[in-house]
Amino acid sequence: MQLHSLTLVQARRLLKEGRVSSVELTRAVIDRIDALDQKINAFINVDPDGALEAARRADEAIANGDQHDLTGIPLAIKDLICTRSMPTTCGSRILENFRPPYDATVIRRLADQKAVIVGKLNMDEFAMGSTTEHSAFGPTCNPWDLERIPGGSSGGAAAAVAADMCLAALGSDTGGSVRQPASHCGVVGLKPTYGRVSRFGLVAFASSLDQIGPMTKTTADAAVLLKAIAGHDPADSTSVPKPVADYPCRLEGDLKGLRIGLPREYYQTEGLDPRVEQVVKGAVAVLEDMGARTVEITLPHSRHAVAAYYVIAPSEASSNLARYDGVKYGMRDFEQTELLSMYNSTRSRGFGAEVQRRIILGTFALSAGYYDAYYGKASQVRSLIIDDFRQAFKLCDVIAAPVAPTPAYRLGETVDDPLTMYLSDVFTLSANLAGIPAISVPCGLADDRLPIGLQLMGTHFDEATLLKVGHQFEKAAGISAKPQL
Ligand code: GLN
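Now for a look at the structure at hand.

About the cut-offs
Residues numbered from 1 in each chain as written. Predicted model: local features only at pLDDT ≥ 70, side-chain atom pairs only at ≥ 80, totals over all residues. Heavy atoms only, no water. Core = buried A, V, L, I, M, F, W, Y, C linked by side-chain atoms within 4.5 Å. Buried < 20%, exposed > 50% of the residue type's maximum accessible area, 1.4 Å probe, protein only. Helix = DSSP H or I, 4+ residues; strand = E, 2+ residues; numbered from the N terminus. Contact = heavy atoms within 4.5 Å. Pairing = 2+ DSSP bridges. Axes fitted to C-alpha atoms, helices over the stretch in contact; angles between N-to-C directions. Salt bridge = Lys/Arg side-chain N within 4 Å of Asp/Glu carboxyl O.

1. So, the nonpolar core
And step 1. Ile81, Leu110, Phe126 and Phe389 are the most contacted members of the largest nonpolar core, which totals 154 residues.
And step 2. Looking at this core element by element, the count peaks at nine residues for helix H10 (residues 305-320).
And step 3. Setting aside anything within four residues of it in sequence, one finds Leu110 in contact with Leu70, Leu75, Ile77, Ala115, Ile117, Leu170, Leu225 and Ile229.

2. Some details on the sheet that holds strand E11 (residues 450-457)
And step 1. Here eleven strands make up an open sheet; going across it, the order is E1-E3-E2-E4-E6-E5-E10-E11-E9-E7-E8 and the pairing mixed. One side of each edge strand has no neighbouring strand; the edge strands of this open sheet are strand E1 (43-46) and strand E8 (293-297). When strand polarity is set aside, the average angle formed by the axes of neighbouring strands in this sheet is 30°.
And step 2. Bridge analysis of strand E5 (residues 188-191) against strand E6 (residues 211-216) gives two bridges, and the strand direction is antiparallel. Note on E6: the bridge partner recorded for Gly189 is Met215.
And step 3. Contacts between helix H13 (residues 372-395) and the sheet are confined to strand E7 (259-263), E8, strand E9 (398-402) and E11, with E9 contributing the most and set at about 115° to the helix.

3. Considerations on the pattern of salt bridges
Side-chain pairs of opposite charge can arise where the charged atoms are in close proximity.
And step 1. This structure, assessed with the given rule, holds 25 salt bridges.
And step 2. Between Arg449 and Asp145 there is a salt bridge; the shortest N-O distance is 3.2 Å. Remark: Asp145 occurs in the loop between strand E3 (116-121) and helix H5 (155-162) and Arg449 occurs in the loop between strand E10 (438-446) and E11; sequence separation between them is 304 residues.
And step 3. A relative accessible area of 34% places Arg449 in the partly exposed class.
And step 4. Here Arg358 makes a salt bridge to Glu354, at a shortest N to O gap of 2.8 Å.

Pasting the structure below:
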């Protein structure tokens, strides 16, 4: 087996046994990036020198008997998580040369274990999008079919993991941006419970929804990475002081008696591609063969999730993005000599069309006299969605659903049609609105070549069950296809 195709867990074992060094692993990954990323465009910045230096330090630590789960493992990071060692662009011109003065908490946690960070990953600008076409640095292509979207907004992360250009990655999920690209690229993506992982140093998009999550080749790898980044952080007031479960130790066990809820509304959604439906239902049948029991449930307000999300997220974004004014961060239009025209020009030039659209939408929704009608109303709908889940989880332990209504579509299909793109988020948004954890696990291929993910949603802070079900499914279904590159 080639080194770049190792999983995190496999690499950890080889490092431990002294059969491979972190420098060798890191070199293999960098060579892979050199060979493929011209075609895929998953990275915005690669840091070969920094990565090799970190790998040498990791090898020293391992030689001294100081090996943690991630010591010496080459990882890559979505480019909206602050890193001191590399620029953090958020896929935007406005932050093109921005170098954060501090590391995000998740980066510090990786560094504490001497993980190796090889580069920063492409994304829709400020994480707004479902295709990774809305990046100032060009679109990322899906490694399974270079003419298709990898999904988004963490499309660079999903593509890099799928194409073995890193062993695992961190993405962020505000409305599906970890799960949906994971589904389209045939990798695992986990959105943790809101508050499980510190958001300190995660550039804010919609603060009441954002979470950082692992994107990996296997569910067992996701368990290891989640364990490393989860936990309370005094620097993030929304992080929850609850003990972190030992996820990797809780992957085994049978599924007998597990109740799997199938939300009626999800499977009756107009626009659910029959190929997706067939693959997802096949996956549910595998779980039933393993002793799980299905129950039909109802999430009656889920049909309002898209409308509620596309008021709440742009509203919060319009406020969060007010800070990019040409004064404090990133680019400035120096030709303007007057304050207001400097603001206007910097923001018009610095932000792309999708970001501007959302700022306008959000500013309107929050403007005097409209707050109750829009943000207030959407928040009420959000409460109803939360309550739907509360009722549903009385009847089931996990919910199984599609991730996206169709397989990855062709690049360009929705660039000028934002509404169609928004509608494709129909199955992922509710988990963010409710703050519950959700995972996408590869469960088959449409037309024998386009990956489809199975989405599993659980109760607050029950990531362990999702990871266990995902891991057991993986073992039983034996899905091992890789993109031909
Ligand atoms: N696709 C959704 C959006 O465009 C979700 C993005 C995300 O999760 N960051 O807002």
